[in-house]
Amino acid sequence: PESSLKSLHLDRAGISWTTDGVTVNSYLRSKTARHVYASGDCASAIASSDRRSIHAGWTGFSAVRNALLPWFLRSPAVHQFVPKVTYTDPEMAMAGMSVAECVRR
């Protein structure tokens with residue numbers, strides 16, 4: 001996301017970011033600009049191994065929910081396990097860690 005974020009000149013708006021994305025908390029709210037939320041590939045809270053379309057959709061939903069709802073209805077958008085979906089015909093899905101991730105742990 002670095003090249004995309006760099007072109008936005010976020011530092012001029014007081015929004016901190018790194019090569020991992022906009023610096024956000026677990027609720028996807030910017031740590032330096034409280035009115036800014038980030039999701040998907042441009043949110044620093046999302047691990048690079050979890051940056052898939054299914055996770056981008058979920059974090060987008062969470063960012064909007066956390067931005068618009070009262071504080072007591074907000075929830076963290078960062079989860080330890082995210083389903084992995086492979087779009088095939090017929091459809092199939094995978095939940096949990098891969099063999100390589102299990103071996104590393």
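Please read all numbers here as calculations on a predicted model, not as lab measurements.

Q: Just to check I follow, could you spell out the packing of aromatic side chains for this structure?
A: Evaluated as defined, the whole model comprises two aromatic pairs. Ring geometry for Trp71 versus Phe72: centroids 5.7 Å apart, planes at 90°, classification edge-to-face. Of the residues examined, Phe72 reaches a relative accessible area of 56% and is grouped as exposed.

Q: Would you take a moment to explain the side chain of Ser62 for this structure?
A: As for its placement among the helices and strands, Ser62 is situated in helix H2 (residues 53-68). When residues no more than four places from it in sequence are discounted, the contact partners of Ser62 are Leu28 and Ala77.

Q: Is there a simple way to think about a nonpolar patch on the surface in this case?
A: Residues Leu69, Trp71, Phe72 and Leu73 make up a contiguous nonpolar surface patch of about 480 Å² in total accessible area. Relative to the helices and strands, Leu69 resides in the loop between H2 and strand S3 (84-86).

Thresholds, definitions, all that
Residues numbered from 1 in each chain as written. Predicted model: local features only at pLDDT ≥ 70, side-chain atom pairs only at ≥ 80, totals over all residues. Heavy atoms only, no water. Phe/Tyr/Trp six-rings, centres within 6.5 Å; stacked < 30°, edge-to-face > 60°. Buried < 20%, exposed > 50% of the residue type's maximum accessible area, 1.4 Å probe, protein only. Helix = DSSP H or I, 4+ residues; strand = E, 2+ residues; numbered from the N terminus. Contact = heavy atoms within 4.5 Å. Patch = residues over 30% accessible without salt bridge, like charges linked within 9 Å, V, L, I, M, F, W, Y side chains within 5 Å. Areas by Shrake-Rupley, 256 points an atom, 1.4 Å probe, with all protein chains shown as cover. Salt bridge = Lys/Arg side-chain N within 4 Å of Asp/Glu carboxyl O.

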